[in-house]
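# A look at the structure
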Amino acid sequence: MPSPSPPVPAPRSVSVSSLNFKCPDNEKQDFMDDIVTFNIGGHIYSTTRSTINGNVDEQSFLALIIRNQTTTRLDHHGHYFIDRDGTYFRHILNYFRDQKLCLPENFQELKQLCSEAKFYQIDRLINEIENRLNSVNEHTKKLEIGLNFTLISNLNQGGRILTLIGPLKLIRLFQIETIGKQFLKIITNFTDPANISCQCTFPLDDKLISCQPFDQLQRLVLAKQARKMGLAVSYSDDYFYIPIERSIMLRDEFAHLLLNNYSAKLLHTNITYEKTSHVNHDDGSYTLVENWFLPNVSLAKCEETNGLVPREDNIYLNRSMTDGF
């Protein structure tokens, strides 16, 4: 009978604490020596000397600090103390680490950040910020060039838009049908629609814009062109109709889109009251008259999207700030 096999010993458990990973003392010391900590106006930041040296000139302020070649003092924790605004230094450190300037959305303090970059003498970052500033300034200048118009709404009817007075080109704010866009394109061949002052009215429950130029000659010429294209024209050629794809939105929704999506500015507001009955003092009409400014770049955006595009979840669709009139 064969002899039994010798018992197999149970595997020996090894705890993490029993493992001894040793780092050579010289490597550990090198790593500790590479860490540098700054106290920037009370904000504490830690990084490595190699991170700084790899991103700045050897004669720049930060490089001189970590080589102890400046009069910069240490705080009571041994951190280099710099009396500057520490909120901006995190963007500078992230720029060193990522090799690109990543800023929060709608960051509005480029000038202050540029000032900090100049203090620390970071030439590459200064150039990048100044390029962004130039782009922002160019965009700001574009927003200052545009068209003025007057908007008239009836507050008794929840803010229904009655009239728009301004350049004919502003009918681009609304989702006009293809024939309306063709009409604007054709008349552009002999005059810029921005130069045609016009009163546009919006018939109730009709998907139409009634356009009446103030200049009599322009009125006749445009009415003739509109009739030629099959658009509806008044009997006396005083005005013509541009069809639109959807009913005109209420004033609140319209204003919300202008302000939030198209960088428009509300310049002036006035409410007038017209009494319609001598018997009932409450029987009157409230009219809202507003002066607006719309940048040309925003009007171009309307042309690309075929007018102001409302959001489906817009809170203004079911509630009006004019309720109560």
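Note on numbering: residues in each chain are counted from 1, in written sequence order. pLDDT decides what is reported in this predicted model: residues at 70 or higher carry local features, side-chain atom pairs at 80 or more are listed and counted, and totals for whole chains, interfaces and linings draw on all residues regardless. No hydrogens and no water enter the side-chain calculation; it runs on all heavy atoms of the structure.

Where helices and strands are cited, they refer to DSSP runs of H or I of at least four residues and of E of at least two residues respectively, numbered from the N terminus. Take Thr37: it is sitting in strand 1 (residues 35-40). Of the polar contacts made by the side chain of Thr37, one reaches the side chain of Ser46; its length is 2.9 Å. The residues contacting Thr37, other than those within four sequence positions of it, are Ile44, Tyr45, Ser46, His79 and Tyr80. Under the rule applied, a polar contact is a pair of N or O atoms within 3.5 Å (in protein, one hydrogen donor and one hydrogen acceptor; residues adjacent in sequence only if both atoms are side-chain atoms). Here a residue-residue contact requires only that any non-hydrogen atoms of the pair lie within 4.5 Å.

Time to look at the pattern of salt bridges. When a carboxyl oxygen of Asp or Glu lies within 4 Å of a side-chain nitrogen of Lys or Arg, that pair is called a salt bridge. Taken as a whole, this structure holds six salt bridges when the rule is applied. With a closest N to O distance of 2.9 Å, Arg84 and Glu116 form a salt bridge. Taken together, the residues Arg84 in the loop between strand 3 (80-82) and helix 4 (89-98) and Glu116 in helix 5 (residues 110-119) connect sequence positions 32 residues apart. Residue burial is assigned from relative accessible area. The probe radius is 1.4 Å, only protein chains are included, and a residue is buried under 20% of its type maximum, exposed over 50%, and partly exposed in between. Looking at Glu116, the relative accessible area reads 6%, which means it is buried. Across the salt bridge formed by Asp252 and Arg251, the nearest N and O atoms sit 3.0 Å from each other. Residues Asp252 and Arg251 agree in their burial class; the two are buried. A network of salt bridges, in which partner residues are shared, links Arg251, Asp252 and Glu290.

As a further point, take unusual backbone geometry. With phi around 65°, Gln99 is a residue other than glycine that occupies positive phi space. By the secondary structure assignment, Gln99 is in the loop between helix 4 and helix 5.

Next up on the list: the sheet that holds strand 9 (residues 265-275). With antiparallel pairing, the seven strands of this open sheet are ordered in space as 8-7-6-5-4-10-9. Looking along the sheet, the strands with just one partner apiece sit at the ends: strand 8 (240-243) and strand 9. Taking the axes of each pair of neighbouring strands and ignoring which way they run, one obtains an average angle of 20° across the sheet. Axis angles are defined between N-to-C directions and span 0 to 180 degrees, where every axis is a line fitted to C-alpha atoms and, for a helix, only to the segment in contact. Strands strand 4 (146-154), strand 5 (160-167), strand 9 and strand 10 (284-295) of the sheet are contacted by helix 9 (residues 251-261), whose axis makes an angle of about 15° with strand 10. For two strands to pair, DSSP has to find at least two bridges joining them.

Looking now at the environment of Thr51. By the element assignment, Thr51 lies in helix 2 (residues 49-53). Considering only alpha carbons, one finds Thr51 and Val36, 15 residues apart in sequence, at a separation of 9.9 Å. The contact partners of Thr51, leaving out residues within four places of it in the chain, are Phe96 and Arg97.

Attention now goes to the nonpolar core. Generally speaking, nonpolar side chains in soluble globular proteins are found buried as a group. For this analysis, a nonpolar core means a set of buried residues of the types Ala, Val, Leu, Ile, Met, Phe, Trp, Tyr and Cys, connected via side-chain atoms within 4.5 Å. If you look at the biggest cluster of nonpolar residues, it comprises 41 residues, and the most contacted ones within it are Phe149, Leu168, Leu173, Phe183, Ile209 and Phe254. Residue contacts for Ile209: discarding those within four places in its chain leaves Ile171, Phe174, Ile176, Cys200, Thr201, Phe202, Phe240, Tyr241, Ile242 and Ile244. Residues Ile52, Ile82, Phe89 and Tyr95 belong to the second largest nonpolar core, which totals 31 residues.

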